[in-house]
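Structural overview for review
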Amino acid sequence: MAIFAGFAGYFVSFLHHVLVMPHVVYAGVVALFFGIVTASRPGLVVVPIIAAVVYIAALALGPVVLNNAALVVPAFDVALARELIAAYLLFLVADTIVYIIKKIILGVID
């Protein structure tokens, strides 16, 4: 229950955090990739889970690759669970938008 207590406030702060560079680039690339590879409507529910995990992994590995920083593994606690749920909701919306645009474009081309 601790994950959902005050989740609305956490989600708003998460969205503000995502809109800062380089997080917006990570989120945009992940949303575009997973929105394009989504093949069906049931995939719109499952694929954002994978996208959220990839986004969290990119946040952990980005500084290691780009700035030669030390690898820091996120702690598996309530904060990580909240971040995964917030990222899932973000990618649920973003992947759905990309999927709809993809289907519209493919419908025009066919």
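A short tour of the structure in this document, coming up. Each residue is numbered by its place in its chain's sequence as written, counting from 1. pLDDT decides what is reported in this predicted model: residues at 70 or higher carry local features, side-chain atom pairs at 80 or more are listed and counted, and totals for whole chains, interfaces and linings draw on all residues regardless. Side-chain numbers come from the whole structure's heavy atoms, not from hydrogens or water.

1. Quick word on the layout of surface pockets
To keep it simple, the criterion reads: Using protein atoms alone on a 1 Å grid, points that fit a 1.4 Å probe yet trap it form a cavity, whereas open point sets bounded by protein on both sides within 12 Å along at least five of seven lines form a pocket; residues with an atom within 4 Å of a point count as lining. Grid points are joined across faces, edges and corners, and a volume is the space filled by probe spheres set on the points. Secondary structure elements are taken from DSSP: a helix is a run of H or I of four residues or more, a strand is a run of E of two residues or more, and numbering for both begins at the N terminus. Under this grouping Gly is polar, as are all residues other than the nonpolar Ala, Val, Leu, Ile, Met, Phe, Trp, Tyr, Cys and Pro and the charged Asp, Glu, Lys and Arg.
Its volume calculated, the largest pocket comes out at about 160 Å³. In terms of lining residues, the largest pocket is bounded by V53, I56, A57, A60, L61, L71, V73, P74, F76, L80 and L84. Every element with two or more residues in the lining of the largest pocket is listed here: helix 3 (43–67) and helix 4 (78–109). Looking at the lining of the largest pocket residue by residue, the class counts come to eleven nonpolar, no polar and no charged.

2. Focus: unusual backbone geometry
The condition that has to hold: Exposure classes here rest on a 1.4 Å probe applied to the protein chains alone. A residue is buried below 20% of its type maximum, exposed above 50%, and partly exposed in between.
Residue M21 is joined to P22 through a cis peptide bond whose omega torsion reads -5°. Tracing the backbone shows P22 in the loop between helix 1 (7–18) and helix 2 (23–37). Located in the positive-phi region is N68, a residue other than glycine, with phi close to 55°. Note on placement: N68 falls in the loop between helix 3 and helix 4. The class of N68 is exposed, set by a relative accessible area of 70%.

3. Focus on the side chain of D95
Spelled out, the test is: By the counting rule applied here, Lys and Arg register as positive and Asp and Glu as negative, while His and the ends of each chain are not counted. Every case where a carboxyl oxygen of Asp or Glu lies within 4 Å of a side-chain nitrogen of Lys or Arg is listed as a salt bridge.
Relative to the elements of secondary structure, D95 occurs in helix 4. Of the side chains bearing the opposite charge, K102 lies closest to the buried D95, which forms no salt bridge; the N-O distance is 11 Å.

4. Looking at the environment of T38
This is how it is decided: Throughout, a residue-residue contact means that at least one pair of heavy atoms, one from each residue, lies within 4.5 Å. Here a polar contact is recorded for every N or O atom pair within 3.5 Å, except that within protein the pair must consist of a potential hydrogen donor and a potential acceptor, and residues adjacent in sequence are included only if both atoms are side-chain atoms.
Relative to the helices and strands, T38 is located in the loop between helix 2 and helix 3. Taking the relative accessible area as the measure of exposure, T38 reaches 1% and is therefore buried. In this structure the C-alpha to C-alpha distance between T38 and P22, which are 16 residues apart in sequence, comes to 24 Å. Leave out the neighbours within four places in its chain, and T38 touches G43, L44, V47, Y99 and K102. One polar contact links the side chain of T38 to the main-chain carbonyl oxygen of F34, over a distance of 2.5 Å.

5. Focus on the packing of aromatic side chains
Applicable threshold: Here a Phe, Tyr or Trp ring, Trp counted by its six-membered ring, pairs with any other such ring whose centre lies within 6.5 Å, and the pair is stacked when the planes are under 30 degrees apart, edge-to-face when over 60, and tilted otherwise. Charge-over-ring placement is defined geometrically: NZ (Lys) or CZ (Arg) within 6 Å of the ring centre, and within 35 degrees of the ring normal.
Scanning the model with the defined rule gives five aromatic pairs in all. Plain terms: the ring middles of F33 and F34 are 5.1 Å apart, the flat faces sit at 85° to each other, and that makes the pair edge-to-face. Through a chain of ring-to-ring contacts, the aromatic side chains of F7, Y10, F11 and F14 assemble into a single cluster. For the cation-ring pair, R82 lies above Y10, with the distance from its terminal atom to the ring centre recorded as 5.8 Å.

Any functional reading would require information beyond the geometric quantities listed.
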